[in-house]
Amino acid sequence: MDARKALAIARKDLRVEFRSRATIQFLLLFSFLTLLMFNFASPPFSPALREVGPGLLWFVFIFAGMLGLSRAFIKEKELGTLEGLMLAPVGGVEIVLGKVVYNLCLILLVELFSVPLFIALFDYRVAGSMLDMILVLTLGLLGFVVVGSFVSAVIMGARGRELVLQVVAMPLLLPVVIPTILALRRVMADGAPLARIGEVRLVLAYIIIMSTLSFLLSDSVLEE
Amino acid sequence: MPSRSYTVAFLAGLYLWVMAAMYRALSLGPLDPALLRYVGDPMRQGYKIFFFAMQNAPVVYIAFLATLVGSVMYLKTREMRWDIIASSSAKLALLFCTLVLVSGAIFSNLAWGAYWNWDPRQTTTLILWFILAGYLSLRSALEDEEARARLSAVIGILGFAGVPLTHISATIWVSNHPQLYDKAAGAGFSLDAQGASAFGMMLLGAIFLYIYLLWVTVRIETLERVQEA
Amino acid sequence: MGAIIEVEKLVRRFAGTKALDGIDLKVEEGEAFALLGPNGAGKTTLVRVLSTLLRPTSGKVRVCGFALPEEREEVKKRIGLVSHNPFLYNELTAAENLAFFAELYGVDIDVEALLARVCLNHRSEDLVGAFSQGMRQRLSIARALLHDPKILILDEPTAGLDLQSRSDFYAMVKDLHARGGTIVLATHNLEEASYLCTRAAVLNKGKVETILDLRGETAGAEEALGRLR
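Residues numbered from 1 in each chain as written. Chains lettered and ligands numbered in written order. Predicted model: local features only at pLDDT ≥ 70, side-chain atom pairs only at ≥ 80, totals over all residues. Heavy atoms only, no water.

Just to check I follow, could you spell out the overall build of chain B for this structure?
The secondary structure content of chain B amounts to 10 helices and 0 strands. The linear arrangement of helices and strands in chain B, starting from the amino end, is α-α-α-α-α-α-α-α-α-α. Every one of the 229 residues in chain B was classed for burial, and the buried ones make up 47%. Taking the contacts inside chain B whose residues are at least 6 apart along the sequence as the reference set, 78% of them involve residues at least 24 apart. Surface summary for chain B: the accessible area is close to 11000 Å², and the carbon and sulfur share equals 70%. (Helix = DSSP H or I, 4+ residues; strand = E, 2+ residues; numbered from the N terminus. Buried < 20%, exposed > 50% of the residue type's maximum accessible area, 1.4 Å probe, protein only. Contact = heavy atoms within 4.5 Å. Areas by Shrake-Rupley, 256 points an atom, 1.4 Å probe, with all protein chains shown as cover.)

Help me understand the sheet that holds strand β8 (residues 182–187) of chain C, please; the structure alone is not making it clear to me.
Whether parallel or antiparallel, the strands of a sheet pair through hydrogen bonds between backbone atoms. All names here are of chain C. Within the open sheet, the 6 strands sit side by side as β6-β7-β8-β3-β9-β10. Their pairing is mixed. Pairing within the sheet leaves two strands with one partner each, and these edge strands are β6 (79–82) and β10 (207–213). Pairwise comparison of adjacent strand axes, ignoring direction, gives a mean angle of 20 degrees for this sheet. In terms of strand pairing, strand β9 (residues 199–204) meets β10 through 6 bridges, oriented antiparallel. Opposite A201, over in β10, you have I211 as the bridge partner. Contacts from helix α5 (residues 133–145) reach β6 and β7 (151–155) within the one sheet, and its direction differs from that of β6 by about 165 degrees. (Pairing = 2+ DSSP bridges. Axes fitted to C-alpha atoms, helices over the stretch in contact; angles between N-to-C directions.)

Help me understand the side chain of C:T187, please; the structure alone is not making it clear to me.
All names here are of chain C. The topology assignment puts T187 in strand β8. Among the polar contacts listed, one links the side chain of T187 to the backbone nitrogen of N189, at a separation of 2.9 Å. Engagement of the side chain of T187 in a polar contact is seen with the side chain of E192, the distance being 3.2 Å. Those residues in contact with T187 that lie beyond four places of it in its chain are L35, L36, G37, K43, E156, E192 and A193. (Polar contact = N/O pair within 3.5 Å; in protein donor to acceptor, adjacent residues only side chain to side chain.)

When you look at the pairing of strand β3 (residues 32–36) of chain C in this model, what are you seeing that I'm missing?
The two faces of the sheet receive side chains in turn, since in a regular strand these alternate between them. All names here are of chain C. Most of β3 sits inside the fold, with 5 of its 5 residues counted as buried. Side-chain alternation along β3 places A32, A34 and L36 on one buried face and F33 and L35 on a second face that is also buried. Inspection of the sheet shows β3 paired to β8 by 5 bridges, in the parallel sense. When the bridges of β8 are listed, F33 appears paired with V184.

Quick question: what am I supposed to make of the sheet that holds strand β2 (residues 17–28) of chain C here?
Residue and element names in this part refer to chain C. With antiparallel pairing, the 4 strands of this open sheet are ordered in space as β2-β1-β4-β5. Bordering the open sheet on either side are β2 and β5 (66–68), each of which pairs with just one other strand. Adjacent strand axes in the sheet meet at a mean angle of 25 degrees, parallel and antiparallel pairs treated alike. Alignment of strand β1 (residues 3–14) against strand β4 (residues 58–63), held across 5 bridges, turns out to be antiparallel.

Can you help me understand the interface of chain A and chain B in this one?
A common measure of how large an interface is: the accessible area buried when the components associate. Contacts between the two partners involve 30 residues from chain A, matched on the other side by 31 residues from chain B. Carbon and sulfur atoms supply 75% of the area that chain A and chain B bury against each other, a total of about 2600 Å² over both sides. The tally of links from chain A across to chain B stands at 1 salt bridge. Residue B:E143 is joined to A:R159 by a salt bridge in which the shortest nitrogen-to-oxygen separation is 2.7 Å. Across the contact surface, chain A and chain B share 5 residue pairs in polar contact (both at pLDDT 80 or more). (Buried area = accessible area lost by both parts, 1.4 Å probe. Salt bridge = Lys/Arg side-chain N within 4 Å of Asp/Glu carboxyl O.)

What am I meant to see in the packing of helix α5 (residues 56–77) of chain B against helix α8 (residues 145–175) of chain B here?
Geometrically, a packed helix pair is captured by the angle between its two axes and the distance between the axes. Residue and element names in this part refer to chain B. Running from amino to carboxyl end, α5 crosses α8 at an angle of 130 degrees, the nearest separation of the two axes being 8 Å. One element, α5, and the other, α8, form an angle in the oblique class. As for how α5 packs across α8, the hand of that crossing is left-handed. Facing α5, whose interface residues are Y61, F64, L65, L68, S71, V72, Y74 and L75, α8 presents E146, A149, R150, A153, V154, G156, I157, G159, F160 and V163. A per-class count over the contact of α5 with α8 returns 13 nonpolar, 3 polar and 2 charged. (Parallel < 35°, antiparallel > 145°, perpendicular 65-115°, else oblique. Left-handed = near helix turned anticlockwise from the far one by under 90°. Nonpolar A, V, L, I, M, F, W, Y, C, P; charged D, E, K, R; others polar.)

I would appreciate a short explanation of α5(C) in the present structure.
For an α-helix, 3.6 residues make a turn, and residues three or four places apart therefore share a direction. Taking 1.5 Å as the rise per residue, α5(C) with 13 residues should run 18 Å; its terminal C-alpha atoms sit 19 Å apart, in good agreement. Of all the 13 residues making up α5(C), 11 are buried; the element is thus mostly covered by neighbouring parts of the structure. Taken together, the buried positions of α5(C) are C:G134, C:M135, C:Q137, C:R138, C:L139, C:S140, C:I141, C:A142, C:R143, C:A144 and C:L145. The inward-facing, buried residues of α5(C) contact α5 (81–87) of chain A together with β6, α3 (94–105), α4 (111–117), β7 and α6 (163–178) of chain C. (Expected span 1.5 Å × (residues − 1).)

Would you take a moment to explain unusual backbone geometry for this structure?
Leave glycine aside and you will find that most residues have negative phi; peptide bonds, for their part, are mostly trans. Residues and elements named next belong to chain C. Going from L68 to P69, the amide bond is cis rather than trans, its omega being 0 degrees. The topology assignment puts P69 in the loop between β5 and α2 (72–76). The backbone of E156 sits at a positive phi, close to 40 degrees, despite the residue not being glycine. The topology assignment puts E156 in the loop between β7 and α6. For E156, a relative accessible area of 12% gives the class buried.

The values are spatial; any link to function lies outside them.
Here it is, written out as structure tokens:
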């Protein structure tokens, strides 16, 4: 594997994205709207929000991410430029890794935008340390991006791919989604310190397993 | 290729075997009264539905394992017969998974008065059902035979590898949930010798049924593809 | 000089039908070879197999002495493909596009000199999105040539080009051939093929109908193609 080639692909995608702003604009707008909808749906000043809030925050990323992150592959497929990448001597691993890095940059931007917005809209007082919360969230997003990017590479040739992606990726993402919600709740509502949250290790283990498999299987996914 | 008469003999044998297993299960005595206080009264005799439900759960894992083996072998050899095995077994895994969910829900309703109560095993089975359904939807959305085989093999491998952590996630999630029903009965539920042998016989019958169905599905799929080509 | 492309009994199935049905072909080094045939004859499928984008279902394919699909990484370093899709990014400038692909190929190139070769040096800082079809196709040639490939594969390269860009394009291909490069051109246009190439394989329904010599009379070729229409 040649990490320079993967980074070249990520750099190229970021440059294209910051000139067209096609995806990021959509992601930010969509997460803003979703947060607003969640806010409308929740009873104001309800004590239950302390428990439910972390889950709502997390689902903003899942909803926006599911729609936005698959664009990285689907766009290249639609424009035919993916074949240009595959003609070059780069393996599937480099292409997938490039897209993971690019998607991670996008979702971190969404995080930067959505977390303060969430706190302001819901008037949420985080019980634990803010840094711990950001770390837990970022780790969850890393897992989400690794699995989501790889699955979107698998489904990009399918009919009705945006729908197929949801159906295939969601169950594979549950070992990231469930522990992250629990861990977020423990930091944000219970104020537990990061070291005492076992769920984080579960996410980490899943990321390692899925990254290894993606590494081994990427060439099979992107071979034609 | 086994001839027709072998098939008939096999099916007759399987039928008799399952009948014997069912007889053994139904002739068990009523539930131990010590356990009955944890569950509803219908379970006095109704607990025997366990023998008609839970023997399917291991079959789901066996069938999914066969999908994994077929997927890995397809990517290694690129021979379509492995893809046929993988996809046929996934269909059966989904079938047995559905059986487990439905019969599990009936069992759960008799025991605790609710069809669904977020038991870790029940939850894992449900997630497994979604993984298998996703695998099969992906297959139906891919037109090219080669791409379908290759890409669904990747998802088959990913899905199977995720099962242990899926189970752990389901378990911690459930343990974070306040339980509506006392599960001590489940923990204290153990089989006596006759019960264990009845369960073993039912399980063996289910495994052989799976093997037979796999053989039939693979045959049909192979013939269909020969016709297409 | 041996054959630079060898194809034996190549079959490629696609969604149940055989897009390529037993192709045998040899292209010599330094040759300009055309793949002729009506739309749907299998030209594009063959080009995609030769350029490593499609895995053969069965049969033997060797490009520059390397077997496909096993040694495709080696093949990729030695071929360049120009198709009707230019494989360029509209949001990047001409120079950025070339620099990006140079990184992927792991080669150091003089971007300005390469752009000068395709007469685009005055537009190197302009976004490709603002380019005309002809300019994009010229940039696409630069992209295909940046790693000095041994074989240049052209798939309907002049589709959608106006007359002027077309003759510019022909001049560039002729020049490349004169320098000893091997050219493979897939086209449905006999005139184009006989202008650029010395030999041609006529494809129909996934099979090689005849091999034509394009240096002499083209009347026979015309007739062979006419029969297929």
